[in-house]
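What the coordinates show
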Amino acid sequence: MSNNRAGHAASRFVHKLRQNWRWSKAHRWTHLIEEHDLNPLVRGRRAIRKTWWRLAHRDERAAPVPLFLVGVQRSGTNLLAHGLDELPEFQVYNEGNAKAFDHFRIRALPTIEKLVEQSGARFVLFKPLCDSHRTPELLEHFGARARAIWAYRNVDGRVRSAVAKFGDSNLRVLRAFAAGEKPWNAWQVAALSAENTEFVRSFDFSSMTAESAAALFWYVRNALYFEMGLNQRPDTILVNYDEYLSEPERVAIALCGFLALPYRKAMIANIDPRRPTQRPPLALDPRIRERCNALKERLDAACSAQMAQLRGERTASRAAARRPA
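In short, a report on the structure. None of these values were measured; they are calculated from a predicted model. (Residues numbered from 1 in each chain as written. Predicted model: local features only at pLDDT ≥ 70, side-chain atom pairs only at ≥ 80, totals over all residues. Heavy atoms only, no water.)

Structural notes on the packing of helix α7 (residues 155-166) against helix α10 (residues 210-222)
Spelled out, the test is: Here an angle of 0 to 180 degrees is reported between the N-to-C directions of two axes, which are lines fitted to C-alpha atoms, with helices fitted over the stretch in contact. The helix count covers DSSP runs of H or I at least four residues long, the strand count covers runs of E at least two residues long, and both are numbered beginning at the N terminus. When an angle is under 35 degrees it counts as roughly parallel; over 145 it counts as roughly antiparallel; between 65 and 115 it counts as roughly perpendicular; any other value is oblique. Put simply, a crossing is left-handed when the front helix is turned counterclockwise from the back one by less than a right angle, and right-handed when it is turned clockwise. Contacts were defined at the residue level, with two residues in contact if any of their heavy atoms lie within 4.5 Å.
Following both chains from N to C, one finds α7 and α10 inclined at 120°, their axes separated by 9 Å at the closest point. Comparing the axis directions of α7 and α10 gives the class oblique. Taken as a pair, α7 and α10 cross one another with a handedness that is right-handed. Counting all contacts with α7, which are made through V155, R158, V159 and V163, the residues of α10 involved are A210, E211, A214, A215, F217 and W218.

Okay, structure coming up:
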């Protein structure tokens, strides 16, 4: 048994090395260091700020807020997590943190409860992307204080990034699922609706490209946002990664409003505002492209409505603060 565990661990390590090597060929190593938050100077400075904040607020009685950053892999969640981690009120558990995750799956909820209770932080952020289909369960377990952020980006950007880092992994999993097999990482097809299960199984995966499969994965996972009713929940917010890159301050202010936090520029200090690169669209299966376009429009509309509401609330709050007593 121990030999099997050692073999699996070695296999995962080799897979991770290959994955990061493939990613480094498509991007610079500096991007890899930034993505995995490996700069010791940045981490050390951040740790000092958090320590001072916790010492200054150690007598506060407010219970920490569990915050779940969810969505589809390669949708800008690392940038969001690192930005929030710059705020001293936050304790962040990324998906590679063994205290909160086991092979990228969130640990048992009693374990998560202990991490929240013992944190000393105001917000304890977890990034359970592989468990995004469990978002309502996570929120309901922790009650009214819990919050969730669902991050998404345009399908072409996600597909390019996913194929560069993960290769044809989405294709292999969806092919196995369509064939009636149970993929080893079945989280990728967890909680699929009957309609989307039928849609996935309607394709001939023997001729599908890795890009079309990654787009299909983008579709079925982001569709969960509406299928699970998260668009009806006041404890969940959508964040458009493309808008976060082009207008970081506007999105960050809205996000702080949702969390009832004062906005600070440290959140976006490492972002250079830029418009999305104009690249030709990928050659995706036409049926998948049609579904993705329709879902993107729906996500954008919901996101815009939420952002407008938060801006309105912020304006009303400022007006009330200026009003004479």
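Some points on the pattern of salt bridges
Opposite charge on two side chains permits them to pair, given that their charged atoms come into close proximity. Quick reminder of the rule: Just to be clear on terms, a salt bridge is a Lys or Arg side-chain nitrogen sitting within 4 Å of an Asp or Glu carboxyl oxygen. The buried label goes to any residue with under 20% of its type's maximum accessible area, the exposed label to any with over 50%, and the partly exposed label to all in between, with areas taken from a 1.4 Å probe on protein chains only.
A full pass over the atoms with the stated rule returns 14 salt bridges. A salt bridge links R233 to D235, with the shortest nitrogen-to-oxygen separation between them at 2.9 Å. Note on D235: relative accessible area 12%, which makes it buried. A single network of salt bridges, built from pairs that share partners, joins R105, D131, R134 and E137.

Overview of unusual backbone geometry
Phi at H103 takes a positive value of approximately 55°, unusual for a residue other than glycine. Counting through the fold element by element, H103 comes out in the loop between β3 (101-102) and β4 (105-106). Judged by relative accessible area, which is 46%, H103 ranks as partly exposed. Although it is not a glycine, A260 sits at a positive phi angle of roughly 55°. If you trace the backbone, A260 turns up in the loop between α13 (248-259) and α14 (286-322).

So, α10
To keep it simple, the criterion reads: By definition here, a helix of n residues has an expected span of 1.5 Å times n minus one.
Taking 1.5 Å as the rise per residue, α10 with 13 residues should run 18 Å; its terminal C-alpha atoms sit 18 Å apart, in good agreement. Most of α10 is tucked away, with 12 of its 13 residues classed as buried. Turning to α10, its buried residues number three or more, namely A210, S212, A213, A214, A215, L216, F217, W218, Y219, V220, R221 and N222.

Considerations on the sheet that holds strand β7 (residues 236-240)
Quick reminder of the rule: When DSSP locates at least two bridges between a pair of strands, those strands are taken to pair.
Strand order in the open sheet made by the five strands is β2-β5-β1-β6-β7, with parallel pairing throughout. Here the strands that pair on one side only, and so sit at the sheet edges, are β2 (90-93) and β7. Between one strand axis and the next, the sheet turns by 20° as a mean value, whatever way the strands run. Of the pairings in the sheet, the one linking strand β1 (residues 65-71) to strand β5 (residues 123-126) comprises four bridges and is parallel in character. The residue of β5 that forms the bridge with F68 is F126.

Geometric descriptors of this kind do not, in isolation, establish any biological role.
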